[in-house]
Amino acid sequence: MAPIDSATSPRAVQDRALIGGRWRMALDGRVIEVRNPATDELVARVPRLGATEATQAVDAASAAFPTWRALTGAERSRILRRFFDLIMRDEMRLARLMTIEEGKPLSEARGEIAYAAGFVEWSAEEAKRVYGETIPASSRDKRILIMRQPVGVTAAITPWNFPAAMVTRKLAPALATGCTMIVKAASATPLTALALAELAVEAGIPAGVVNVLTGDAREISDALLSDSRVRAISFTGSTEVGKTLMAKAARHVTKIELELGGHAPLLVFDDANLDVAVAGTVATKFRNAGQTCICANRIYVQSGIYDRFAEALSVAVRSLRVGDGLDEGVQIGPLIDDAGMAKVEEHIADAVGKGARVRVGGHRVPPQPSLADRFFAPTVIEGTTTEMRINSEETFGPVAPLVRFESEADAVAMANDTPYGLAAYFFTRDASRLMRVAEALEYGIVGANDALPSIPQAPFGGMKESGLGREGGKYAMDLFLETKYVSWALEPTE
Ligand code: SIN
């Protein structure tokens, strides 16, 4: 074991979860092995916690809540600001740790750490602005006050593909509003979350306010959702699991926010700037080796630009460098696991079997000494149709399927023909079309000539089966706040 050096691993703890300010093993000693997807090397063992430890975390978060909510917004803001500073101080260390457990290239991991820290910085500022309201009453002797108060103990279930940003996007607004939180870290990538927890402690966030659990996702989420003290939960992951959690949240009418699967269309119109459209397609499609909920999954290209776009995209995709994310210049890392590789292969085989043609890639990268067989060649496929799995299911891999279209109406209809509604992109230089298409797309996030829309201050979330609620910016606060209406009748005057 131990390919992570001390400069990379969380300094004090790389094999403990955080409950009530204590770094803990599982009560029964069970562990989960964390492996580097690029090399298959064992990098750490973290506790496989279950229902008992989850309930202990709820105890700790409940005990910490009264003191944390009693701080002023400005006091919480200062602590969160320290947390932000510490994340940025350790940016490179955290980025390396992320690459080792998740596989994404170091430059992308570094970008994610800054993105993750941005949620903490933004929430630190917003902690001072949890405003109420007064509303004019219906009678002269009444006053109407609206208060916004923290819901209490909250929980987050986070995914492996963004091991830092999906933690802070949930945790930071919860803490800003005065809530306490239990974070269930993804089993494939728990080390970044634990390292963040360590920095939260260093920043002075009191014991029990942040708890980070590793372990059995189903057992832990069941325990959290069957505990009536947990008042809100935020989940990022598959639509299938999101639906199950939503049903379980009904038990205690727990507030729930869901950021679920997507199947993002990307539309390139004849009047698009070709270079901008190609660069944008590469950026959104191949970010994190295509393992992103908002990355383009279906690329619709208008007839007049199709041939030039397909050629330029193929040239760009052929030049992408695949390898261990720690190596200089690598742009595409490994897929997270063997099941991920198998799914990509199945989607390509299904498409080719139904008439599609592979233009670039389409296969595993031939095995290399000291690397795992988990690298997929960046791929462009042409002639895909709606009957193919690749055009209806999330591939979560570096595969760009191209579809030719004739009219704007056809492209918008195809783009919206899905139960998903997370992100969509389009490229055009016609201002009227830009507004028409932006309005017509049934998606929570629309990139108009922009393939990288994720920023801390904007609302992130989907329509239809892609989710419920929004993370990011001031919108993130809603999940963690109750709205209380106080109707105040004045004493009669003499
Ligand atoms: C995700 O894949 O869920 C997150 C992507 C992002 O925040 O940009």
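Note that the structure is predicted; figures quoted are calculated from it, not measured.

> Sorry if this is basic, but what is going on with helix 5 (residues 165-177) here?
Three- or four-residue spacings in an α-helix give side chains the same orientation, since the helix completes a turn every 3.6 residues. Relative to the 18 Å expected for 13 residues at 1.5 Å per residue, helix 5 spans 19 Å between its end C-alpha atoms, a close match to the ideal helical length. Of all the 13 residues making up helix 5, 13 are buried; the element is thus mostly covered by neighbouring parts of the structure. Looking one or two residues past helix 5, glycine 178 carries a phi angle of roughly 105°, positive in sign.

> Hey, could you run me through the sheet that holds strand 15 (residues 379-382) in this one?
By way of backbone hydrogen bonds, the strands of a sheet pair with one another, either parallel or antiparallel. Read from one edge of the open sheet, seven strands run 14-15-16-13-12-18-19, paired in mixed fashion. Strands at the two margins of the open sheet, each flanked by one partner only, are strand 14 (357-360) and strand 19 (445-448). Sheet twist, expressed as the mean angle between neighbouring strand axes with direction ignored, is 25°. Bridge analysis of strand 12 (residues 264-268) against strand 13 (residues 296-302) gives five bridges, and the strand direction is parallel. Bridge pairing in strand 13 links alanine 264 to alanine 296. The strands touched by helix 12 (residues 408-416) are strand 12, strand 13 and strand 16 (399-405); relative to strand 13, the strand with the most contacts, the crossing angle is about 170°.

> Help me understand the packing of helix 4 (residues 106-126) against helix 5, please; the structure alone is not making it clear to me.
The relative placement of two packed helices is expressed as an angle between their axes plus a distance between the axes. At a closest axis distance of 8 Å, the pairing of helix 4 and helix 5 adopts a crossing angle of 10°. Here helix 5 runs roughly parallel to helix 4, going by the angle between their axes. Residue-level contacts link Glu112, Tyr115, Ala116, Phe119, Val120 and Ser123 of helix 4 to Ala165, Thr168, Arg169, Ala172, Pro173 and Ala176 of helix 5. A class-by-class count of the residues in the contact of helix 4 with helix 5 yields eight nonpolar, two polar and two charged.

> Mind showing me how you'd approach the sheet that holds strand 5 (residues 133-135) here?
In spatial order, the strands read 5-6-22; together these three strands make up an open sheet with antiparallel pairing. Only two strands of the sheet have a single neighbouring strand rather than two, namely strand 5 and strand 22 (481-489). This sheet shows a mean twist of 25° between the axes of neighbouring strands, independent of strand direction. The sheet contact formed by strand 5 and strand 6 (residues 142-150) spans three bridges and is antiparallel. Note on strand 6: the bridge partner recorded for threonine 134 is leucine 145.

> Quick question: what am I supposed to make of helix 8 (residues 239-249) here?
Thr239, Gly242, Leu245 and Ala249 are the residues of helix 8 that are buried. Axial view of helix 8: buried residues confined to an arc of 120°, hence all on one face. Facing away from the buried side of helix 8 by over 90 degrees, the exposed positions are Glu240 and Ala247. Looking at the buried positions of helix 8, the neighbouring elements they touch are strand 7 (153-157), helix 7 (217-225), strand 10 (230-236), strand 11 (255-259) and strand 17 (420-421).

> Just checking my understanding: could you explain the nonpolar core for this structure?
Buried together is how nonpolar side chains tend to be arranged in soluble globular proteins. Core analysis: the biggest nonpolar cluster contains 109 residues, and Phe83, Ile87, Val268, Phe309 and Leu313 have the highest contact counts within it. When residues in this core are grouped by element, the largest group, nine residues, is from helix 4. Three or more residues apiece are contributed to this core by two domains, here domain 1 (10-260 + 466-485) and domain 2 (264-455). Apart from the residues lying within four places of it in its own chain, the contact partners of phenylalanine 83 are Val120, Leu171, Leu196, Leu199, Ala200, Ala203 and Ile205. Among the nonpolar cores identified, the runner-up in size contains 26 residues, and Ala54, Ala61, Ala155 and Ile220 belong to it.

> Got a minute to help me understand the packing of helix 2 (residues 73-89) against helix 6 (residues 190-202) in this structure?
The N-to-C vectors of helix 2 and helix 6 enclose an angle of 130°; their axes lie 9 Å apart at closest approach. Overall, the two elements helix 2 and helix 6 adopt an arrangement that is oblique. With respect to the hand of their crossing, helix 2 and helix 6 are arranged in right-handed fashion. Of the residues in helix 6, those touching helix 2 at Phe83, Leu86, Ile87 and Arg89 are Leu196, Leu199, Ala200 and Glu202. Class assignment for the residues of the contact of helix 2 with helix 6 results in six nonpolar, no polar and two charged.

> Before we go on, may I ask you to explain unusual backbone geometry in this structure?
A negative phi angle is the norm for most residues apart from glycine, just as the trans form is the norm for most peptide bonds. Although it is not a glycine, aspartate 40 adopts a positive phi angle of roughly 75°. Locating aspartate 40 in the fold gives a position in the loop between strand 3 (31-35) and strand 4 (42-47). Phi at lysine 464 takes a positive value of approximately 50°, unusual for a residue other than glycine. Positionally, lysine 464 belongs in strand 20 (residues 463-464).

Criteria and thresholds
- Residues numbered from 1 in each chain as written.
- Predicted model: local features only at pLDDT ≥ 70, side-chain atom pairs only at ≥ 80, totals over all residues.
- Heavy atoms only, no water.
- Helix = DSSP H or I, 4+ residues; strand = E, 2+ residues; numbered from the N terminus.
- Expected span 1.5 Å × (residues − 1).
- Buried < 20%, exposed > 50% of the residue type's maximum accessible area, 1.4 Å probe, protein only.
- Pairing = 2+ DSSP bridges.
- Axes fitted to C-alpha atoms, helices over the stretch in contact; angles between N-to-C directions.
- Contact = heavy atoms within 4.5 Å.
- Parallel < 35°, antiparallel > 145°, perpendicular 65-115°, else oblique.
- Nonpolar A, V, L, I, M, F, W, Y, C, P; charged D, E, K, R; others polar.
- Arc of directions from axis to C-beta.
- Core = buried A, V, L, I, M, F, W, Y, C linked by side-chain atoms within 4.5 Å.
- Domains from an automatic or database assignment.
- Left-handed = near helix turned anticlockwise from the far one by under 90°.

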